[in-house]
Every structure is written in C-alpha cells, then in structure tokens.
Amino acid sequence: MTKQTEKDNNWCINPPLPSLEYHWKKGADPVTKEEINSFFNNPEIISIKKNICEIGRRLWQKEYVDGNGGNISVRVGDNLILCTPTLISKGFMDISDICLVDMEGRQKAGKRPSTSEILTHLSIMQNSDAKSCVHAHPVHANAFVITNGTPPTGIMPEPDIFFGEVAMADYATPGTPENAVNVGKVAKDHQCIFMQSHGVIVWGAHVEDAYWKLENVDSYCKILLLATQLQTPIMQVSDTEMLDFIGIRQKLGMPDNRDQRHLSKLFNAKSFAGYQFIKR
C-alpha cells in the first residue's frame, strides 16, 4: 500500500447524536382555546403523540402493562403536558386518544379523560428536570416492589450508569395527591422510582429515554432474580469503579449525588439473597 493510498483510507466521519428532546420557547405557551387547539394539532406535537403511542405498544408487547395499566407523559411547554388517557390499553392507542393537561392537571385538549395518575407525573416534573415519565408494572421489577426492596448497586455498569440508584417511594393510594407528594420527594436525584406496593415510574429527557430506563431496570431485576437460583455470592465492584460509573452518568447529564456520600454509604447494599457480596 502506498503512502497516498494509506492517507486516502485514513479518514472517518463524526455524525452527531440525534436529538429526541422537545424544546419549547419559554414563556410562549398557547393560552386560549383556539391557540391550544392549533398547538395540539401541529406537526411537531402530532409526532410526539405518535411516539407516545409507539412506546405504549412496546410496553404492552414487553408485558410491562396489562389491561388498562400504565401511563405516559411528555412535557411540551412551561405549563403543558401530553399524556395518555385513563382506562385504555397502552398497546392499542391512537394519536386521537392522547390528552393535553396543564401543570395543575386540568385538561386542555383531547377527546378522552386524561390518566388518573397525572398528578404523580406532574410532581416528578415539578421536582426534577424530567420532560417525560413512564409508569408501568414490569413483573421482575415489581417482584422487588411488592417485597419492599430495591436492586443493589455496584454489580454491573449499565444499571448504575443508565438509571442509577432506585428510590422507594412510600405507599399512598395511586392517583392521589399523597402519592404524588411521596414520589416527588425522591424525584430530583432518582430517575427510577419504585412506588411501594404499586409499580415503577421512570423519567427522562424524552419518552424514548424514559422507556429505556424501564427496560433497563426490569432486565437488571430479572438478572438478579435468576442469579439467586445459582445460590452463590455475587461480585460487587470497588469504590473506585463505582465512582467511575457515577462520573459517566453525570457526564451524560443525568442526576446523581452519590459521589457526595461518605464511602461507607456509596453502595445501597452489602448483601443480596442471604449472601454477602464479594468485592472485586
């Protein structure tokens, strides 16, 4: 190979990451009924409605929801949120089913009543940088939920990087202001929240991002439950390696304050299924 040929072959491209986050102009929300209706039917909002319906189908196909369970929201303004309606299968929604509410939960558009759990979504958005929330009942994660447990940290890179430490919100009846308050209390520093005796709610920069976290946490919980069948201790990473995970997560723009803790509290568990973790 000649030097010229080698030079000609020694090139690469650097395509940018696609931007899936919706950005609105601050202080420019539509207000009147006519403005709202026009906004609710503009091409950008219709595209987000399609994404919500697609995520609903994926939730149903993955068996993260059954019956009319689960709900999805996407913030599209200072005071406006798209959300799924109540009493509908998430696997069979159409864009005409999607609703629009304000930050107090008052419905502004849509032919069906909005989800009965919208207050919880709004509380997360009011207490964090969330732009989208997804709530469901994935069976492996819910096995932890109903036993009042959260998955241990420091076992694999992906869980600690992509959804972080899981918080457990105190129980309150689903859909009530009390449940919204309980979840909102832990939303700032936790993107994945187990609602005691109920289910899982996650948040992200866009609806796909939030959904990924739901897949991530249920997969991790499944791995842990399978690992218990091996009846052997599980390996846990070192303090330095754990801090590396947290640093990567922070560089990705996700909230995580665990690096501010004393090292003795860096991990949320020292054992699992009756076995002490083995340190790497």
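Just so it is clear, the model here is predicted, and its values are computed rather than measured.

S.K.: Sorry, what's going on with the nonpolar core here?
M.R.: Here is a general trend for soluble globular proteins: nonpolar side chains tend to be buried in one another's company. With 48 residues, the main nonpolar core has Leu59, Val76, Leu82, Leu100, Phe194 and Val200 as its most contacted residues. If you tally residues by element for this core, the top one is helix H8 (residues 207-228), at 9 residues. Residues Cys99, Met103, Ile124 and Ile193 belong to the second largest nonpolar core, which totals 18 residues.

S.K.: Help me understand the sheet that holds strand E4 (residues 107-109), please; the structure alone is not making it clear to me.
M.R.: Pairing between the strands of a sheet comes from backbone hydrogen bonds, and it takes one of two forms, parallel or antiparallel. Read across the open sheet, the 8 strands follow the order E4-E3-E2-E1-E5-E8-E7-E6; overall the sheet is mixed. Since the sheet does not close on itself, it has two edges, and those belong to E4 and strand E6 (167-169), each with one partner. Here the average twist between neighbouring strands, direction ignored, is 25°. Pairing geometry for E6 and strand E7 (residues 192-195), over 3 bridges, is parallel. Across the sheet, residue alanine 167 finds its bridge partner in E7, namely isoleucine 193. Packing of helix H4 (residues 118-127) onto the sheet brings it into contact with strand E1 (71-75), strand E2 (80-83), strand E3 (99-102), strand E5 (132-136), E7 and strand E8 (199-204), and relative to E1 it is tilted by some 40°. Contacting E6, E7 and E8, helix H7 (residues 177-187) crosses the sheet at an angle of about 145° to E7.

S.K.: Would you explain the pairing of E3 in this entry?
M.R.: Walk down a regular strand and you will see the side chains alternate between the two sheet faces. Here E3 shows two buried faces, one formed by Cys99 and Val101 and the other by Leu100 and Asp102. As judged from the 4 bridges shared by E2 and E3, these two strands associate in the antiparallel manner. Residue pairing across strands places leucine 82 opposite leucine 100, the latter belonging to E3. As paired elements, E3 and E4 share 2 bridges and run antiparallel to each other.

S.K.: Whenever I open this one, the packing of aromatic side chains confuses me. Can you help?
M.R.: The geometry of an aromatic ring pair is captured by two quantities: the separation of the ring centres and the angle between the planes. Per the counting criterion, the structure on display carries 5 aromatic pairs. The interplanar angle of 70° and the centroid separation of 4.8 Å between the aromatic rings of tryptophan 60 and phenylalanine 92 together place this pair among those described as edge-to-face. One end of the pair, tryptophan 60, is in helix H3 (residues 43-61); the other, phenylalanine 92, is in the loop between E2 and E3, and 32 residues separate them in sequence. Judged by relative accessible area, tryptophan 60 falls into the partly exposed class, the value being 37%. For phenylalanine 92, a relative accessible area of 58% gives the class exposed. Taking 6.3 Å as the distance between ring centres and 50° as the angle between the ring planes, the aromatic pair formed by phenylalanine 163 and tyrosine 220 counts as tilted. With phenylalanine 163 in the loop between helix H6 (157-162) and E6 and tyrosine 220 in helix H8, the pair connects residues that are 57 residues apart, well separated along the chain. Here phenylalanine 163 and tyrosine 220 have matching classes, each one buried. Here lysine 279 stacks its cationic end above the ring of phenylalanine 267, 3.6 Å away from the centre of that ring.

S.K.: When you look at the pattern of salt bridges in this model, what are you seeing that I'm missing?
M.R.: Two side chains with opposite charge may pair up if their charged atoms get near one another. Applying the stated criterion across every chain yields a total of 11 salt bridges. When the shortest N-O distance is used, the salt bridge between glutamate 208 and arginine 58 registers 2.9 Å. Separated by 150 residues along the polypeptide, glutamate 208 in helix H8 and arginine 58 in helix H3 bring together distant segments of the chain. In this structure, the salt-bridge partner of arginine 249 is aspartate 256, at a minimum N-O distance of 3.2 Å. The residues arginine 249 and aspartate 256 share a single accessibility class, namely buried. Among the ionic contacts, a cluster of salt bridges with common partners joins Asp160, Arg249, Asp256 and Arg258.

S.K.: How should the side chain of lysine 49 be read in this particular structure?
M.R.: With respect to the helices and strands, lysine 49 occurs in helix H3. Buried charge lysine 49 goes without a salt bridge, the closest partner of opposite sign being aspartate 94 at 8.7 Å. Those residues in contact with lysine 49 that sit more than four places away from it in its chain are Phe40, Asn41, Leu82, Ile95 and Ile98.

S.K.: Looking at this model, I keep getting lost on the packing of H4 against H7. Mind explaining?
M.R.: Packing of H4 against H7 leaves a shortest axis separation of 8 Å and a crossing angle of 30°. On the basis of the axis angle, H4 is roughly parallel to H7. You can see that H4 and H7 cross each other, and the crossing is right-handed. On H7, the residues touching Leu119, Thr120, Ser123, Ile124 and Asn127 of H4 are Pro177, Asn179, Ala180, Val181, Val183, Gly184 and Ala187.

Conventions we followed
Residues numbered from 1 in each chain as written. Predicted model: local features only at pLDDT ≥ 70, side-chain atom pairs only at ≥ 80, totals over all residues. Heavy atoms only, no water. Core = buried A, V, L, I, M, F, W, Y, C linked by side-chain atoms within 4.5 Å. Buried < 20%, exposed > 50% of the residue type's maximum accessible area, 1.4 Å probe, protein only. Helix = DSSP H or I, 4+ residues; strand = E, 2+ residues; numbered from the N terminus. Pairing = 2+ DSSP bridges. Axes fitted to C-alpha atoms, helices over the stretch in contact; angles between N-to-C directions. Contact = heavy atoms within 4.5 Å. Phe/Tyr/Trp six-rings, centres within 6.5 Å; stacked < 30°, edge-to-face > 60°. Lys NZ or Arg CZ within 6 Å of the ring centre and 35° of its normal. Salt bridge = Lys/Arg side-chain N within 4 Å of Asp/Glu carboxyl O. Lys, Arg positive; Asp, Glu negative; His and termini not counted. Parallel < 35°, antiparallel > 145°, perpendicular 65-115°, else oblique. Left-handed = near helix turned anticlockwise from the far one by under 90°.

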